[in-house]
Amino acid sequence: MAAASDSNYVKKETMLVIALVALVAGFLGGIVFSAMRSTSGIPQTGSFQAPPSMPAQQQAPGFSPQLAEKIVSLEREVAVNRDNVEAWTELGHAYFDSDQFAKAITAYNKSLELRPNDANVWTDLGVMYRRDGQPDKALEAFDKAIGLDPRHEQSRFNKGIVLKYDFDDREGAIKAWEELMKVNPQAVAPNGKPISEAIKDL
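Residues numbered from 1 in each chain as written. Predicted model: local features only at pLDDT ≥ 70, side-chain atom pairs only at ≥ 80, totals over all residues. Heavy atoms only, no water.

S.K.: For the overall build of the protein chain, give the residues involved together with the corresponding values.
M.R.: In terms of regular secondary structure, the protein chain is built from nine helices and zero strands. Of the regular secondary structure in the protein chain, the N- to C-terminal order runs α-α-α-α-α-α-α-α-α. The burial tally for the protein chain puts 42% of its 202 residues in the buried class. The contacts in the protein chain between residues at least 6 apart in sequence include a share of 54% that link residues at least 24 apart. In the structure as shown, the protein chain presents an accessible area of about 11,000 Å², 55% of it carried by carbon and sulfur atoms. (Helix = DSSP H or I, 4+ residues; strand = E, 2+ residues; numbered from the N terminus. Buried < 20%, exposed > 50% of the residue type's maximum accessible area, 1.4 Å probe, protein only. Contact = heavy atoms within 4.5 Å. Areas by Shrake-Rupley, 256 points an atom, 1.4 Å probe, with all protein chains shown as cover.)

Shown next, in the form of C-alpha cells:
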C-alpha cells in the first residue's frame, strides 16, 4: 500500500509540474511588446506585457516616487501647453510604465492628434488598447503603424499575437508573422523564440 501511495504522490507532483510549465508557456505565448523607451529608464523594447488571460487593470499597482513625480510634472506641462507633443508622448509612456492603461490611451491619442505619423506611438497605443481589453482597437492601431512604416517589426509581431490569442485567428496570425519574416527573416519573439518556429507551432 505504501508503494502505491508513493506512486500516486509522484503522479500528483508530476501533474503540478506540467501545469506550471503550461502556465509559463501560455504567458510567454501571449506577450506583446512596446516600440518605445520606458520613461522610468527601463527599456521597453522586447519587454514582456500581460498575457491575454490577465484581467485589465485601471489602477496602477504601485510605482516609484520618481515616476509619480514625473507624471505630475508632465500633467502640469500638458495642462499649460496643450500642443506639446513630446510631453503628451512622454506622459503616455509614464502611464504605460505605471499600468494606467486608460490614461495612457488618452495621452497617446493626444500625441497622435498633434503628430499622426509616428508608428512607434501607434504601436504603444495598440499595446495599451490590448491591456485595456480592447483588442479591436489594438489591431487598428497596429495596422496604422504598419501602414506608416511597412518595416515596423513590433507592430507586425503584436498584430499576430492579438489575432491568435484574442480572436483565435490562427490563419491571420500566420499571415501577420509571415509578413514580419519578409521584413526580417531572423525576427524573434520577446522570449527569444524565432518567429519561424512560432509559425510552425501554429
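Further notes follow.
S.K.: Could you give an account of helix α4 (residues 101–114), naming the residues involved and the relevant values?
M.R.: Relative to the 20 Å expected for 14 residues at 1.5 Å per residue, α4 spans 20 Å between its end C-alpha atoms, a close match to the ideal helical length. Residues of α4 that are buried include every one of Phe-101, Ala-104, Ile-105, Ala-107, Tyr-108, Ser-111 and Leu-112, and no others. In the core, the buried residues of α4 are packed alongside α3 (85–97) and α5 (119–131). (Expected span 1.5 Å × (residues − 1).)

S.K.: So what's going on with the packing of aromatic side chains? Which residues, and what values?
M.R.: What the rule picks out here adds up to one aromatic pair. With centroids separated by 5.9 Å and ring planes inclined at 15°, the aromatic side chains of Phe-157 and Trp-177 adopt a geometry described as stacked. A residue pair is termed long-range when its members are at least 10 positions apart, and Phe-157 in helix α7 (residues 153–166) and Trp-177 in helix α8 (residues 170–183) qualify at 20 residues. Judged on exposure class, the residue Phe-157 and its partner Trp-177 are both buried. Taking NZ or CZ as reference, Lys-164 lies 4.0 Å from the ring centre of Tyr-165, over its face. (Phe/Tyr/Trp six-rings, centres within 6.5 Å; stacked < 30°, edge-to-face > 60°. Lys NZ or Arg CZ within 6 Å of the ring centre and 35° of its normal.)

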